[in-house]
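# Coordinate analysis (summary)
In case you want the letters, here they are:
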There are 4 protein chains.
Amino acid sequence: MSHATGAHVHTREPEPSAEPLETRYMRVRRGTESLARPLSPEDQLVQSMPDASPVKWHLAHTSWFFETFVLAGLAGERSPRADYALLFNSYYDGVGPRIARDRRGVVSRPSLEEVRHYRREIDERMAARLASGRLPADRIGLVELGLAHEEQHQELILTDVKHALHANPLLPGYREPAAAEVGAAAAPPLEWACFDEQIAWIGCAAGKGFSFDNERPRHRALVPAFQIAARLVTAGEYLGFMADGGYQRPELWLSDGWAAMRASGWRAPLYWHEREGAWQVYTLRGTRPIDRDAPVCHVSHYEADAFARWARARLPTEFEWEVAAAHRAVDGALADSDALHPQPAPGPAGLVQMFGDCWEWTQSAYGPYPGFQPEAGAVGEYNGKFMSGQMVLRGGSCATPAGHVRSTYRNFFPPAARWQFSGLRLARDVP
Amino acid sequence: MSHATGAHVHTREPEPSAEPLETRYMRVRRGTESLARPLSPEDQLVQSMPDASPVKWHLAHTSWFFETFVLAGLAGERSPRADYALLFNSYYDGVGPRIARDRRGVVSRPSLEEVRHYRREIDERMAARLASGRLPADRIGLVELGLAHEEQHQELILTDVKHALHANPLLPGYREPAAAEVGAAAAPPLEWACFDEQIAWIGCAAGKGFSFDNERPRHRALVPAFQIAARLVTAGEYLGFMADGGYQRPELWLSDGWAAMRASGWRAPLYWHEREGAWQVYTLRGTRPIDRDAPVCHVSHYEADAFARWARARLPTEFEWEVAAAHRAVDGALADSDALHPQPAPGPAGLVQMFGDCWEWTQSAYGPYPGFQPEAGAVGEYNGKFMSGQMVLRGGSCATPAGHVRSTYRNFFPPAARWQFSGLRLARDVP
Amino acid sequence: MSHATGAHVHTREPEPSAEPLETRYMRVRRGTESLARPLSPEDQLVQSMPDASPVKWHLAHTSWFFETFVLAGLAGERSPRADYALLFNSYYDGVGPRIARDRRGVVSRPSLEEVRHYRREIDERMAARLASGRLPADRIGLVELGLAHEEQHQELILTDVKHALHANPLLPGYREPAAAEVGAAAAPPLEWACFDEQIAWIGCAAGKGFSFDNERPRHRALVPAFQIAARLVTAGEYLGFMADGGYQRPELWLSDGWAAMRASGWRAPLYWHEREGAWQVYTLRGTRPIDRDAPVCHVSHYEADAFARWARARLPTEFEWEVAAAHRAVDGALADSDALHPQPAPGPAGLVQMFGDCWEWTQSAYGPYPGFQPEAGAVGEYNGKFMSGQMVLRGGSCATPAGHVRSTYRNFFPPAARWQFSGLRLARDVP
Amino acid sequence: MSHATGAHVHTREPEPSAEPLETRYMRVRRGTESLARPLSPEDQLVQSMPDASPVKWHLAHTSWFFETFVLAGLAGERSPRADYALLFNSYYDGVGPRIARDRRGVVSRPSLEEVRHYRREIDERMAARLASGRLPADRIGLVELGLAHEEQHQELILTDVKHALHANPLLPGYREPAAAEVGAAAAPPLEWACFDEQIAWIGCAAGKGFSFDNERPRHRALVPAFQIAARLVTAGEYLGFMADGGYQRPELWLSDGWAAMRASGWRAPLYWHEREGAWQVYTLRGTRPIDRDAPVCHVSHYEADAFARWARARLPTEFEWEVAAAHRAVDGALADSDALHPQPAPGPAGLVQMFGDCWEWTQSAYGPYPGFQPEAGAVGEYNGKFMSGQMVLRGGSCATPAGHVRSTYRNFFPPAARWQFSGLRLARDVP
């Protein structure tokens, strides 16, 4: 494909939202509830592993976040349910004790109905504050943070309920099967976009639309020339890796990855099942045959790294990815597409799928940018304290709310995590 | 107290029930459902530890038992939901694969409503079979077994939901607090019943009312002279053990018990909490102050054994207990008393509390009687395969359905188990 | 075979030893050292699992035992190395703190040479005391206990070093290969000895030769009629169990046994290796082909129990075994035979192999006899505190010192233990 | 202190060694043996944790390395002990199977004497090859690699035997106590060296003296302005952190670090012991009082990171460290100083202790440089496969052989590792 020049060194700053904050608040909050709608109170209580939380917990926790970080301490505000902090605080040590993370599934009380009531109560208070403009300036930023936070939990609702329903041997779906045919679209052949060495601006400047603290400060970095694949790796390509002994050849794997794979018994991506010699995949719309043209998904960093080595390539660094993504339109399937599963890349069209479909594992360990400062106060526990032992993913997935991601956005998970919609895109050095 | 003679060597055979089987079937099944009634669908899904199951699972499993062992294979019977076996088989390897025991809490589907429907369907079929007398003779015994089995799960519903609600930091109760005052009744002083050496009949003869295979065959055993406490050990006495360093003195403990206690951090019975220097106890009716006169409960075999050593006594053998219990009326609080917590012993009145209030740990490891034969077929997995690593408890508890226990009844749990209503009664050698 | 009558109800009391205590002390102590002789200082440091101890540790611990329980506190006695208690106390809480059991292999210092010096020092003091008769009467019994204790550690030296050398991928032998041919002797066909119901005397009376506290008091028990196999189960018979799917059929196993077998990956006895389709066995004299006529050995209680069920028989109770063993001469291979491996039973000759060759798992959980009293003082921790979670073995093995066992002797190990020379003999009910 | 300019952007290339390879080979090999000399065969067998290996294993493994990667396959070479690969291969999957890492302590055979013999045999062959020049060109580089590898194991011999001896409750020393007085030298006050933003050359060019593949390729990076502490953090400063609740304040810790610290029970650096209110430290020369002026050592990355946050600073990136270290002379205590413990910094003298005393944790996760290529063949498993989940340390320690380190040298360990001589130096942003 055509050669991308090093001229694209300045990424476009995100636009400030035109939507009034009050309207956006209600839209985001309603969006969370609509995700829960297909689920019974029982469905919403299931916690299928320590890393995944019950849907009801997500509904309550996001409300607790607004109560605790926006409303608490304002004149006239008093917690309707102070005891909820014990249940719905996630990990904010600065705020107090809480139930162990892996015990969230025992919280049958408050009931889902009571949690919905709690949401409504918080929403009424927030609406009153936002409408009247009686919110101190420093709390406006916390509302923005709370909405971005709630959007993250919208994605987690989908990934966590997928894991929960899949843990049920009956393999129920979250939604009805899609009409779309498998194999309707063919993935284009693998091409590479080329980038010259450059001093690139990385990260997001404060004050230019919302960003998380871990995207800041915006700073320069020297990024050597590189090539990056024009599309995501497909399920068909991954089947080739499997057929070539990918899970049996230690030379392809990081040492920790080999150990994790063997200990966990992985021999295919999560949610793949072999039935009578054919591979099927469990999706949020039930089980279906593998679509070889769709991106491979639900692989760990270790598997992504091993695949890349097998393909005589490597994972991109997060800076390479950001350089490649700058100025690109958000094009892939996000949650509003309702596909709920990654889709095949469109025909030959340059660099595609940079946003949506699958989060893309990078080779970058998650750490602070030069000059990083966590947010002040307890919300400073949001990102910084996780800067150890995790890897950066970029781009967003088919479970990510529209409008949530941008080219500077940094997602992060431990290298063995597979329950997120995590896939990969190849990169390579310029010879 | 008066000296019990060795004349009581033959225990009374249990009376055959006068209630028609069909009536009894419906009464027992309705009893199970009434236990679930105070609980929401969410409450009934919680699994707070691998050994405890969700209430919904108990409702379904007991129905699956009748379907599988009574109805299956009869002409015209076809499973309404063959896929349920995967979810609601407990441990019958002879019947097929099943979900892992510690994953029962993920089964949000079928919903509670669907499980109730399944119960009704099984009940209709069973009622038709029982009314018409179209049940083969060999299956009548399996109905009896199924009812005794269901009664065991009635007790487990109470013990498991107690554990589940207690896992919630808000400590909700299963039922409203009781009106009864703590300290209203005083436990009588400790007295001993004495028994001469005897050749005793132990166990239950086949054909004399229902019994489990592990109670059979009835056989003779030489039981040396012994003394047994006239009542259960009280909470007040147990507080004395704690105050005397009971949990800090290795010489009082079995080696495995000391290790388990240290590893688990036990320093009091399960459900006891120290609040500002005073001990409280969580019950199925909420948290209340300790009643020193009530029996201590929710202790492991290891704690019971250590207490007995501290008290310069020992636990009785299961044969001693059976000799002492023979011909006694069932006198203590069972589940129908609605107390849902062990009650203080009545005033000086000889040997009391032999049945109900608390299961009594014995010093006997659970094993086969001489000539033991498991039931034929898959129900033979009921008792025999657990005859390793467990200890016998005798007598029944405040969660045991009335009519379920008898003097030959053998309950069994691993020595570290504490979530059952398990207490102790002392015994000692005759000097 | 001929019918054994119920007349043998009184076992012969063990004879008091005619050997002067001082002579016996030196003989036993020298015996321990001769077991260590084929081993380098490095060999004697290896600890291959928490349950097995380094040979050097056994050498030191047995000396510490005499120092602590016989010499300490006597006028003029002062510990040459008070700090050794930290290293060489096994589990006596009454004596003080100690190194964790699984850390004994880190104790490179004191060196083997220093430990030998320590042994000599203790021996000199003991010899002086024993020669002069300057030992208080109550300590004479402790010398007897110390010698029986040392004999137990002699057996453990062999079982532990076998495990240690086998952990080395080079599979070195402890001693040179034996000249004896495999298959030289054929095991006789399986016959049964029959015993009538009887009131038997069980256990050992105090004051009639040395016995452990767990063998006392001697008491009567009603033992129903039973049959017991005339010889041990052979490796060939065990191969039949394996070939018949013994390790794949859950109906043959105790529930805990099935779980332990699966978790541990057992598919044959410990020390058996399949090489090119043929089974070999690692012995203290190196690796050799399986001898189908020799007793199967190094099986867990769970495997023994499953084999017995497969063979439509059961394990004997410890009382049945004791009834059958009473008055029998010690006939099998003990450690002094130097075979170091169980030997085929001699030709048709009635009840054989009751002592030696292999310890025999019984179906009896290890517990106290009626009226059991532990030894007074810290040595009371010797047996009683382990009366939980273990199973009784009877008879002795090819690693047991001659003169150590008797018909009342109770050995005990957890049901999953396999590194002892543990085999089995079948029993069955009289129809 | 004076302002260091950005002019130092090009680090000095390491000088090619003037010493003939054959001489160097023998010097390095003799050095390894002299480290083992104070230790008995028993000492050299101890493995006190899975990450640490027995000294004997180090002696054999380093020889196996030369045999396998330099000699094997050359005409006339045949392994004297092919079976040793099973024992002394560390982690080279390309070479074949091997004993589990945590089982190296069971290898009593071959004996230390046999391993010494094996070393001599390899040395003779190597000497013959090196003297005659009969070594193919591509193997010369492997000799260089083998010597650098052996030097790494020299350091590990010291760190591993320290851990092994410390596991012995008697706390024996590796060498005699040093004459040096605690507190003889005072650490200078904390000053900062300042560096301007620069495009720095990072890493080592191929062909300019020996380097590991992970130091290559040499490449440019944009390093923002920073300040770095002139000396290491001292034990006294670390005591201040401890006294200020450092181990009790979650806001100072990374999330993983807090969890690891709580799970492991850390409350001070490894080898620190509180005795009657005073802190002592175990060293290779025995236990002594803490020297507040000496660098703190044996802390994990998590502790280093928490300390830095407490001190309102941060850890340097590995690039910052390399920029600061370029052109500096190796000045701190290395293994040849025989101090075997980090020493206080010399008086005010600019940037000191950059090499030696303690490895310095950086905030950089260990990963590949742009364009990284592992060594060809099985030695390619040396570094690349560990580029996950580990953190970079720079500079060397008091256990590092003289001549081993350089400014581009990258050491790496998991963030929870504490048994290396790992300390820290602070850095901070330029305001």
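The rules behind each value
Residues numbered from 1 in each chain as written. Chains lettered and ligands numbered in written order. Predicted model: local features only at pLDDT ≥ 70, side-chain atom pairs only at ≥ 80, totals over all residues. Heavy atoms only, no water. Contact = heavy atoms within 4.5 Å. Buried area = accessible area lost by both parts, 1.4 Å probe. Salt bridge = Lys/Arg side-chain N within 4 Å of Asp/Glu carboxyl O. Polar contact = N/O pair within 3.5 Å; in protein donor to acceptor, adjacent residues only side chain to side chain. Nonpolar A, V, L, I, M, F, W, Y, C, P; charged D, E, K, R; others polar. Phe/Tyr/Trp six-rings, centres within 6.5 Å; stacked < 30°, edge-to-face > 60°. Buried < 20%, exposed > 50% of the residue type's maximum accessible area, 1.4 Å probe, protein only. Helix = DSSP H or I, 4+ residues; strand = E, 2+ residues; numbered from the N terminus. Least-squares fit on C-alpha atoms with pLDDT ≥ 70 in both. Axes fitted to C-alpha atoms, helices over the stretch in contact; angles between N-to-C directions. Parallel < 35°, antiparallel > 145°, perpendicular 65-115°, else oblique. Pairing = 2+ DSSP bridges. Core = buried A, V, L, I, M, F, W, Y, C linked by side-chain atoms within 4.5 Å.

Many descriptions give the size of an interface as the accessible area lost when the pieces come together. Opposite the 30 residues of chain C that make contact, chain D presents 31 residues. Summing both partners gives a buried area of about 2400 Å² for chain C against chain D, and 56% of it is carried by carbon and sulfur. The largest per-residue losses of area from chain C upon contact with chain D belong to C:Glu42, C:Arg109 and C:Leu170, which jointly make up 31% of the total buried on that side. Summed over the shared surface of chain C and chain D, the number is 4 salt bridges. Across the contact surface, chain C and chain D share 14 residue pairs in polar contact (both at pLDDT 80 or more). Its residues assigned to classes, the side of chain C that touches chain D shows 17 nonpolar, 6 polar and 7 charged.

Residue and element names in this part refer to chain C. Counted under the stated rule, the structure contains 136 aromatic pairs over all chains. Taking the centre distance of 6.5 Å and the plane angle of 85° together, the rings of Phe65 and Phe66 count as edge-to-face. The same class applies to Phe65 and to Phe66, which are both buried. Ring geometry for Phe307 against Trp310: centres 5.4 Å apart, planes inclined by 50°, an arrangement best described as tilted. Placement of the pair is Phe307 and Trp310 together in helix H8 (residues 301-310), with a separation of 3 residues, close to one helical turn. Of the residues examined, Trp310 reaches a relative accessible area of 25% and is grouped as partly exposed.

Facing 26 residues of chain D, the contacting portion of chain A comprises 25 residues. Counting the surface lost from both chain D and chain A, the interface buries some 1900 Å², and carbon and sulfur atoms represent 55% of this. The largest share of the area that chain D buries against chain A comes from D:Arg220, D:Leu222 and D:Ser388, three residues that together contribute 25% of it. At the junction of chain D and chain A, the tally comes to 2 salt bridges. Connecting chain D to chain A are 4 residue pairs in polar contact (both at pLDDT 80 or more). Elements with a contribution of two residues or more to the side of chain D that touches chain A: strand E3 (219-223), helix H7 (255-264) and strand E8 (359-365) of chain D. By residue number, the principal contributor to the side of chain D that touches chain A is E3(D), which donates 3 residues. For the side of chain D that touches chain A, a count of residues per class yields 13 nonpolar, 7 polar and 6 charged.

Once turned by 180° and shifted 0.0 Å along the axis, chain D lies on chain A with an RMSD of 0.0 Å. Both copies of the chain, as the preceding transformation shows, are related through a two-fold rotation axis. Most of the interface of chain D is mirrored in chain A, where 96% of its interface residues again form contacts.

When two helices pack together, their arrangement is given by the angle between the helix axes and the distance between those axes. Residues and elements named next belong to chain D. Where helix H2 (residues 55-71) meets helix H5 (residues 137-166), the axes come as close as 10 Å, and the angle between the chain directions of the two elements is 170°. By the angle class used here, H2 and H5 are roughly antiparallel. Looking at the contact of H2 with H5, its residues break down into 14 nonpolar, 6 polar and 3 charged.

Residues and elements named next belong to chain C. Within the secondary structure layout, Thr362 lies in strand E8 (residues 359-365). Looking at Thr362, the relative accessible area reads 0%, which means it is buried. Setting aside its immediate chain neighbours within four residues, Thr362 contacts His301, Leu315, Pro316, Thr317, Glu318, Met391, Val392 and Arg394.

This part is about the sheet that holds strand E1 (residues 192-195) of chain C. All names here are of chain C. Spatially, 3 strands are ordered E1-E4-E12 in an open sheet, and the strand pairing comes out antiparallel. The open sheet has two free edges, formed respectively by E1 and strand E12 (427-429), since each of these has just one partner strand. On average, each strand axis in the sheet is tilted by 25° relative to the strand beside it, whichever way the strands run. Judged from the 4 bridges that link them, E1 and strand E4 (residues 226-229) form a sheet pairing that is antiparallel. Following the sheet pairing, Cys194 is matched in E4 by Gln227. Its contacts with the sheet put helix H9 (residues 318-325) on E1, E4 and E12, and the angle it makes with E4 is roughly 75°.

We now examine the pattern of salt bridges. All names here are of chain A. Within this structure, the stated rule accounts for 144 salt bridges over all chains. Residues Asp244 and Arg249 are paired through a salt bridge, measuring 3.0 Å at the closest nitrogen-oxygen approach. Of the residues examined, Asp244 reaches a relative accessible area of 39% and is grouped as partly exposed. Under the relative-accessibility criterion, Arg249 is labelled partly exposed at 26%. Through salt bridges that share partners, Arg29, Arg30, Glu33, Arg119, Asp123 and Glu150 make up one connected network.

We now examine the pairing of strand E8 (residues 359-365) of chain A. All names here are of chain A. With 5 of its 7 residues buried, E8 lies for the most part within the structure. Relative to strand E11 (residues 422-423), E8 runs parallel, the two sharing 2 bridges. The residue of E11 that forms the bridge with Glu360 is Gly423. Two strands pair when backbone bridges link them, and E8 and strand E9 (residues 391-394) are joined in this way by 3 bridges, in the antiparallel orientation. Pairing of Glu360 across the sheet is with Arg394, part of E9.

Turning our eyes to something else, we now look at the nonpolar core. Within the largest apolar cluster, 245 residues are counted, with the highest numbers of intra-cluster contacts made by C:Trp272 and D:Trp272. Contacts of D:Trp272, omitting those with residues within four sequence positions, involve D:Ala235, D:Leu239, D:Met242, D:Trp279, D:Gln280, D:Val281, D:Ile290 and D:Val296. Within the second largest apolar cluster, 238 residues are counted, among which are A:Trp64, A:Tyr118, A:Leu165 and B:Leu135.

The quantities given are spatial measurements derived from coordinates; they are silent on function.
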